[in-house]
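# Residue-level structural notes
Each chain, written out:
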Amino acid sequence: MFCFSLNNPPVLVHDYVPMQTLNVGAGRSDQEYKAAEDSRRAELRNDVQSYGMYFFIAAGLASLGTGLLPIRLFSFVNIGFIDLLTFYGGELIRTNPLLLHAAAAVWVLALIGLGFAARKGQRWAFWAGLILYAADMLPLIVMFSIWAFGIHGFFIFQWFKGQRALGELKASALARQDLSRSAVGSQQ
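Residues numbered from 1 in each chain as written. Predicted model: local features only at pLDDT ≥ 70, side-chain atom pairs only at ≥ 80, totals over all residues. Heavy atoms only, no water.

### Description of the overall build of the protein
For the protein, the count of helices and strands is six helices and zero strands. Reading the protein from its N end, one meets helices and strands in the order α-α-α-α-α-α. Within the protein, the fraction of its 188 residues that count as buried is 31%. Taking as baseline every contact in the protein between residues at least 6 positions apart, the subset at least 24 positions apart corresponds to 69%. Entry remark: accessible area of the protein is about 12,600 Å², with carbon and sulfur atoms responsible for 66%. (Helix = DSSP H or I, 4+ residues; strand = E, 2+ residues; numbered from the N terminus. Buried < 20%, exposed > 50% of the residue type's maximum accessible area, 1.4 Å probe, protein only. Contact = heavy atoms within 4.5 Å. Areas by Shrake-Rupley, 256 points an atom, 1.4 Å probe, with all protein chains shown as cover.)

As structure tokens, this is what we get:
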């Protein structure tokens with residue numbers, strides 16, 4: 001005979017014991033903890049600077065791929081919107097050849113501006129770069145520029161890591177301010 005009980009034993013192992021939070025900083029003094037946090041913040045600042053440099057690398061490669069420099073690396077580094085303008089601009093591009101170079105120059109200058117903003121710690125610059133290059137990946141697929149699509153993906157990944165590092169850095173600074181406020185409040 002099968003009985004239903006109101007006091008069933010737990011089925012899953014984690015139902016037996018409540019979860020405990022591990023104290024990661026256990027055994028460290030306050031000075032050691034602060035030194036470790038300062039070191040982590042310094043690493044995050046260096047990471048933000050490194051990820052911001054990828055805007056300048058992208059600008060250099062874009063100037064190589066669009067013909068702004070005397071050497072052109074076509075199909076290695078392409079900008080999808082510039083390619084669409086080249087292939088589908090038709091009479092507009094033939095009558096105004098400087099229009100293509102002006103569009104490429106605007107693209108490169110936008111990347112340089114985003115690079116300066118990113119290196120100054122502006123998170124929106126990383127997001128703008130992500131959105132710009134993600135939108136540019138669609139024309140690259142239309143134009144079958146698979147290699148350039150991969151390079152765009154690389155830059156998107158680096159800029160995502162940059163905005164994430166900047167977010168962690170700002171969260172760490174806010175946590176430090178909260179800690180200092182609570183320390184001042186406990187002393188009073």
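More follows now that the structure is in view.
### Remarks on helix α5 (residues 123–142)
Its 20 residues place the ends of α5 30 Å apart at the C-alpha level, agreeing with the 28 Å of an ideal helix rising 1.5 Å per residue. Of the residues making up α5, those classed as buried are A125, F126, G129, L130, Y133, D136, M137, P139 and L140. One or two residues past the end of α5 sits F144, with phi positive at roughly 60°. (Expected span 1.5 Å × (residues − 1).)

### Structural notes on the side chain of N78
When you line up the elements, N78 lands in the loop between α1 (30–66) and α2 (80–88). The class of N78 is buried, set by a relative accessible area of 1%. A distance of 3.1 Å separates the side chain of N78 from the side chain of D83, its partner in a polar contact. Within the local environment of N78, its side chain forms a polar contact with the side chain of S145, the two groups lying 3.2 Å apart. Those residues in contact with N78 that sit more than four places away from it in its chain are L73, D83, D136, L140, S145, A148 and H152. (Polar contact = N/O pair within 3.5 Å; in protein donor to acceptor, adjacent residues only side chain to side chain.)

### Focus on the packing of α1 against α5
Geometrically, a packed helix pair is captured by the angle between its two axes and the distance between the axes. Here α1 crosses α5 at 40°, and the two axes come no closer than 11 Å. As the angle between them shows, α1 and α5 are arranged oblique. The chirality of how α1 crosses α5 is left-handed. When α1 is examined against α5, the residues V48, Y51, G52, F55 and A58 are found in contact with a partner set consisting of A125, F126, G129 and Y133. Looking at side-chain class alone, the contact of α1 with α5 contains seven nonpolar, two polar and no charged residues. (Axes fitted to C-alpha atoms, helices over the stretch in contact; angles between N-to-C directions. Parallel < 35°, antiparallel > 145°, perpendicular 65-115°, else oblique. Left-handed = near helix turned anticlockwise from the far one by under 90°. Nonpolar A, V, L, I, M, F, W, Y, C, P; charged D, E, K, R; others polar.)

### Some details on the pattern of salt bridges
Applying the stated rule across the entire model yields four salt bridges. Among the salt bridges present, the one from R40 reaches E168, with a minimum N-O distance of 3.6 Å. Of the two residues, R40 is situated in helix α1 and E168 in helix α6 (residues 146–187); the sequence distance between them amounts to 128 residues. Looking at R40, the relative accessible area reads 34%, which means it is partly exposed. E168 sits in the partly exposed class, given a relative accessible area of 32%. The shortest N-O distance in the salt bridge between E91 and R94 comes to 3.7 Å. Remark: R94 and E91 occur in helix α3 (residues 91–95); sequence separation between them is three residues, near one turn of the helix. R94 matches E91 in its accessibility class, with the two residues each being exposed. (Salt bridge = Lys/Arg side-chain N within 4 Å of Asp/Glu carboxyl O.)

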